[in-house]
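# Tertiary structure, described
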Amino acid sequence: MTDQAKAPSRSPGFHLWHAALAWRAAVQDTLGERLTATQFFVLGAIAWHGRRGAPTQAEVAKSAATDPMTTSQVVRALEQRGLIIRRDDPKDSRTWRLELTPAGRDELRACGALVREVDRRFFAGVDVSHLEALHAR
């Protein structure tokens, strides 16, 4: 039996998983009642893709690393709050195109500043080369 099979705590992936959970919890604590972490990531994915035109809901799900059902629920909630607009794709009636509203852009900008501060605190002691390795993934 390998060391990793004997003790998950010997696995770098185990520690990475727990670090990711801690980071996400810190993001959620910081965002508070404004947005859920998933809503923030979906808004960010819409904005990122939106530089080239309104993305599909499937593109946003892939970028935000959320499953299609969760993405659909989050998109409905964001639309109800007036942060995004969901439009039919003129080329495919089964597809939604997503756009940020001005309120959505403002909320993303404000929450983005909060999340950047979480990143600054969370990764303060991490060697720059390790952070660069994360960016390369």
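Refer to the preceding data block for the structure.
Below is a short write-up of the structure. Residue numbering note: each chain is counted from 1, following its sequence as written. Per-residue local features are limited, in this predicted model, to residues with pLDDT of at least 70; the limit for side-chain atom pairs, both in listing and counting, is 80 or more; totals at the level of whole chains, interfaces and linings are taken over all residues. To get the side-chain values, take all heavy atoms of the structure and skip hydrogens and water.

## Concerning the packing of helix α3 (residues 37–50) against helix α6 (residues 102–122)
We count it as follows: In this analysis, axes come from line fits to C-alpha atoms, helices being fitted only over the stretch in contact, and the angle between any two N-to-C directions falls in the range 0 to 180 degrees. A run of H or I in DSSP becomes a helix once it reaches four residues, and a run of E becomes a strand once it reaches two; helices and strands are each numbered from the N terminus. Take the far helix as the reference: if the near one is turned anticlockwise from it by less than a right angle, the crossing is left-handed, and if turned clockwise, right-handed. By definition in these notes, contact holds between two residues if any of their heavy atoms fall within 4.5 Å. We call Asp, Glu, Lys and Arg charged. Ala, Val, Leu, Ile, Met, Phe, Trp, Tyr, Cys and Pro are nonpolar, and the rest, Gly among them, are polar.
Packing of α3 against α6 brings their axes to within 10 Å, and their N-to-C directions diverge by 115 degrees. Between α3 and α6 the crossing geometry is left-handed. On the side of α3, the interface is formed by Phe-40, Leu-43, Gly-44 and Ala-47, while α6 contributes Gly-104, Leu-108, Cys-111, Gly-112 and Val-115. Here the residues of the contact of α3 with α6 are counted per class, giving six nonpolar, three polar and no charged.

## Here's the deal with the packing of aromatic side chains
The test is simple: In this scheme Phe, Tyr and Trp rings, the latter by its six-membered ring, pair at centre separations within 6.5 Å, and the angle between planes marks the pair as stacked below 30 degrees, edge-to-face above 60, and tilted otherwise. Type-normalised accessible area, obtained with a 1.4 Å probe on protein chains alone, sets the label of each residue: buried when under 20%, exposed when over 50%, and partly exposed for intermediate values. Charge-over-ring placement is defined geometrically: NZ (Lys) or CZ (Arg) within 6 Å of the ring centre, and within 35 degrees of the ring normal.
One pass over the structure, following the stated rule, counts three aromatic pairs. Between Phe-40 and Phe-41, the ring centres sit 5.7 Å apart and the planes meet at 65 degrees, which makes this aromatic pair edge-to-face. Taking the relative accessible area as the measure of exposure, Phe-40 reaches 11% and is therefore buried. The positively charged end of Arg-52 is found above the aromatic ring belonging to Trp-48, 5.1 Å away from the centroid. Of note, Arg-86 hangs over the ring of Trp-96, and the distance from its end group to the ring centre comes to 4.5 Å.

## Quick word on the nonpolar core
Applied cut-off: What we call a nonpolar core is a set of buried Ala, Val, Leu, Ile, Met, Phe, Trp, Tyr and Cys residues that are connected through their side-chain atoms within 4.5 Å.
Ranked by size, the top nonpolar core spans 22 residues in total, and within it Leu-35, Phe-40, Val-42, Leu-43, Ile-46, Leu-78 and Ile-84 carry the most contacts. Every element with two or more residues in this core is listed here: α2 (12–31), α3, α4 (57–64), α5 (68–80), β2 (92–100) and α6. A total of six residues in this core trace back to one element, the largest contributor, which is α3. Those residues within four positions of Ile-46 in sequence are excluded, and the remaining contacts are Pro-55, Val-60, Ile-84, Leu-98, Glu-99 and Leu-100.

## Some thoughts on the pattern of salt bridges
Spelled out, the test is: Here a salt bridge means any side-chain nitrogen of Lys or Arg lying within 4 Å of a carboxyl oxygen belonging to Asp or Glu.
One pass over the structure, following the stated rule, counts eight salt bridges. Among the ionic pairs, Asp-92 bridges to Arg-94, the shortest N-O distance being 3.1 Å. Residue class for Asp-92 comes out partly exposed when judged on its relative accessible area of 23%. Look at Arg-94 and you get exposed, because its relative accessible area is 72%. A salt bridge links Asp-106 to Arg-109, with the nearest nitrogen and oxygen atoms 3.0 Å apart. Of this pair, Asp-106 and Arg-109 both sit in helix α6, separated by three residues, roughly a single helical turn. Since its relative accessible area comes to 54%, Arg-109 is described here as exposed. The network of salt bridges with common partners includes Glu-117, Arg-120 and Arg-121.

## Here we look at the pairing of β2
Quick reminder of the rule: Any two strands between which DSSP finds at least two bridges are classified as paired.
Two strands pair when backbone bridges link them, and strand β1 (residues 84–89) and β2 are joined in this way by six bridges, in the antiparallel orientation. What sits directly across from Arg-86, in β2, is Leu-98. The loop that links β1 with its antiparallel partner β2 comprises two residues.

## Re the side chain of Arg-86
Stated precisely, the cut-off is as follows: As used in this structure description, the phrase polar contact means that two N or O atoms lie within 3.5 Å; if the pair is within protein, one of them must be able to donate a hydrogen and the other to accept it, and residues adjacent in sequence are counted only when both atoms belong to side chains.
Assignment of secondary structure puts Arg-86 in strand β1. Only 2.8 Å separates the side chain of Arg-86 from the side chain of Glu-79, close enough to count as a polar contact. Discounting residues that sit within four places of it in the chain, Arg-86 has contacts with Gln-57, Val-75, Arg-76, Glu-79, Trp-96, Arg-97 and Leu-98.

## Considering α3
Applicable threshold: Helix span, as expected, comes to 1.5 Å for every residue beyond the first.
The first and last C-alpha atoms of α3 sit 20 Å apart over 14 residues, in line with the 20 Å expected at 1.5 Å per residue. Among the residues of α3, Ala-37, Thr-38, Gln-39, Phe-40, Val-42, Leu-43, Ala-45, Ile-46 and His-49 are the ones counted as buried.

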